[in-house]
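Structure at a glance
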Amino acid sequence: MNTTEKVIFEQFPYWEKAIGLVSAPHEAELTVFLGCGTSYNLALSLAAHANLAGYPAIAVPGAEWLNRPAAFWPRWQKVHLVALSRSGETTETVAAAKASRKAGVFVTAITVEPESSLAKNCDRLIEAATHGDEGIVMTVSASLMLLLGMQMVGVQIPPSIVQSARSLADQIDAALPKMIEGRSHFVFLGSGSLYGIALEGALKLMEMSQIITQGFHPLEYRHGPISLVDENTAVVMLYSADQKASEALLAEELREKGATVIGLGGPGDLELTVDCDPAIVSLCVLPALQILGERAAQSKGVDTVSPRHLTKVVMLG
Ligand SMILES: N[C@@H]1[C@@H](O)[C@H](O)[C@@H](COP(=O)(O)O)O[C@@H]1O
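In this text the structure is predicted, and so the values were computed from the model without any measurement.

Turning our eyes to something else, we now look at the side chain of S164. Within the secondary structure layout, S164 lies in helix α8 (residues 161-175). By relative accessible area, which is 9% here, S164 ends up buried. Of the polar contacts made by the side chain of S164, one reaches the backbone oxygen of D275; its length is 2.6 Å. Once residues within four sequence positions are removed from consideration, S164 is found in contact with D275 and C284.

Written out as structure tokens, the structure is:
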């Protein structure tokens, strides 16, 4: 078992410690979740969770908020900024947090690194505590930052999610690599709070395996991207409880075009039950997507401990 794989399977005790660590959201007319890479994908999911919980929210990539916040919110100085960053050192994220604070914005940092530049440039720190040796690809830290962000906006996470997420990861693992054998194009589809998670599944698998991936909203996929689907395609459908019928129809259409469909929470060539409240599926499926990325990499003989062209932190200048 390599480090990445070990970290994925050994993440659950850290979840247990983080469940119940709730910090109240800061009062503001808008909450802006910000991050880069995986942290931006988490921001997208968290913004959906926040809106559903009654806190108006958007997600913005670090560089965009740094360079043109007014393009996202005219009264940007009045927002609550939640900056997500495992390392707390990503250039755009740190610079955006600093610039926002200078303009009077209240900044919450969610990070693994309490001594990082981001942690030193925030008004409130929410620490995602893991063992320090995760490697380049972000797995346990991503799960923890999502968990803590969801709790911050009032989503209740019961301890039983640990068993559900672990069992889902084990089930998908048992079905692999047969489900993905010979597939060289992976598509991840999800809506609502699962949209950011679909993008994260796509990013994770791409980072880990150097396979071409796409992440889309399910019905958006029909408007052009579907032209790429053939027998080389594997689709991961992240079903939303309230959209299952239309998503199942799409899954069937993609199967007819040659794709293998892995259904998390609904039909497919592989159909796995996601055993948790629909409000917390985003967190529950994350380890399963991480192990899928690892197995896809292994099927190509790619080592995820040192992925090509990637570094743990991207710093400019
Ligand atoms: N290769 C890493 C990504 O895996 C990560 O998602 C991103 C953001 O990192 P951080 O969360 O530390 O800001 O940085 C790099 O690009």
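Next up on the list: the packing of helix α3 (residues 38-52) against helix α7 (residues 140-152). The contact between α3 and α7 brings their axes to 10 Å, and the two run at 25°. Considering the angle they form, α3 stands roughly parallel to α7. Note on packing geometry: the crossing formed by α3 with α7 is right-handed. Residue-level inspection shows T38, S39, L42, S45, L46 and H49 of α3 in contact with α7, the latter providing A142, M145, L146, G149 and M150. Residues belonging to the contact of α3 with α7 are distributed by class as follows: six nonpolar, five polar and no charged.

Quick look at helix α9 (residues 193-209) now. Residues that lie three or four places apart on an α-helix share one face, since the helix turns once every 3.6 residues. The end-to-end C-alpha distance of α9 is 25 Å, a good match for the 24 Å that 17 residues give at a rise of 1.5 Å each. In terms of burial, α9 is largely enclosed, as 14 of its 17 residues are buried. One or two positions beyond α9, positive phi appears at Q210, with a value near 60°.

Let's shift gears to the side chain of S282. Looking at the element boundaries, S282 is found in helix α11 (residues 281-284). Residue class for S282 comes out buried when judged on its relative accessible area of 1%. Among the polar contacts made by the side chain of S282, one reaches the side chain of H49 at a distance of 2.8 Å. With residues up to four places along the chain from it excluded, the contact list for S282 reads S45, H49, L146, M150, S193, L194 and I197.

When the domains of the chain are assigned, the result is domain 1 (3-153) and domain 2 (159-300). Averaged C-alpha coordinates put domain 1 and domain 2 at centres separated by 24 Å. Domain 1 puts 24 residues into the contact, and the matching count from domain 2 is 29 residues. Carbon and sulfur atoms supply 72% of the area buried between domain 1 and domain 2, which totals about 2200 Å² over both sides.

This brings us to the sheet that holds strand β1 (residues 31-35). Spatially, five strands are ordered β2-β1-β3-β4-β5 in an open sheet, and the strand pairing comes out parallel. Each having just a single partner strand, β2 (57-61) and β5 (124-127) make up the two edges of the open sheet. For this sheet, the mean angle separating the axes of adjacent strands, direction not counted, is 20°. Both β1 and β2 contribute to a ladder of five bridges, which runs parallel. If you follow T31 over to β2, its bridge partner there is A57.

Taken together, 13 residues surround the ligand, and among them S39, S85, R86, S87 and T90 come closest. Here an oxygen atom of the ligand sits 2.7 Å away from a polar atom, N or O, in the side chain of S85. Measuring from an oxygen atom of the ligand, one finds a side-chain N or O atom of E207 at 3.0 Å. When isolated, the ligand has an accessible area of 390 Å², and the protein chains bury 93% of it. In terms of residue class, the shell around the ligand is made up of three nonpolar, seven polar and three charged.

In this section: the nonpolar core. In this structure, F33, L264 and V285 are the most contacted members of the largest nonpolar core, which totals 76 residues. Counting residues per element, this core draws most heavily on α7, at nine residues. Both of domain 1 (3-153) and domain 2 (159-300) provide at least three residues apiece to this core. Dropping the residues within four chain positions of it, L264 is found in contact with L168, I172, V236, M237, L238, Y239, L272, V274, V285 and L289. Membership of the second largest hydrophobic core comes to 17 residues, among which are V32, V60, A96 and L118.

What counts and what doesn't
- Residues numbered from 1 in each chain as written.
- Predicted model: local features only at pLDDT ≥ 70, side-chain atom pairs only at ≥ 80, totals over all residues.
- Heavy atoms only, no water.
- Helix = DSSP H or I, 4+ residues; strand = E, 2+ residues; numbered from the N terminus.
- Buried < 20%, exposed > 50% of the residue type's maximum accessible area, 1.4 Å probe, protein only.
- Polar contact = N/O pair within 3.5 Å; in protein donor to acceptor, adjacent residues only side chain to side chain.
- Contact = heavy atoms within 4.5 Å.
- Axes fitted to C-alpha atoms, helices over the stretch in contact; angles between N-to-C directions.
- Parallel < 35°, antiparallel > 145°, perpendicular 65-115°, else oblique.
- Left-handed = near helix turned anticlockwise from the far one by under 90°.
- Nonpolar A, V, L, I, M, F, W, Y, C, P; charged D, E, K, R; others polar.
- Expected span 1.5 Å × (residues − 1).
- Domains from an automatic or database assignment.
- Buried area = accessible area lost by both parts, 1.4 Å probe.
- Pairing = 2+ DSSP bridges.
- Near = heavy atom within 4 Å.
- Areas by Shrake-Rupley, 256 points an atom, 1.4 Å probe, with all protein chains shown as cover.
- Core = buried A, V, L, I, M, F, W, Y, C linked by side-chain atoms within 4.5 Å.

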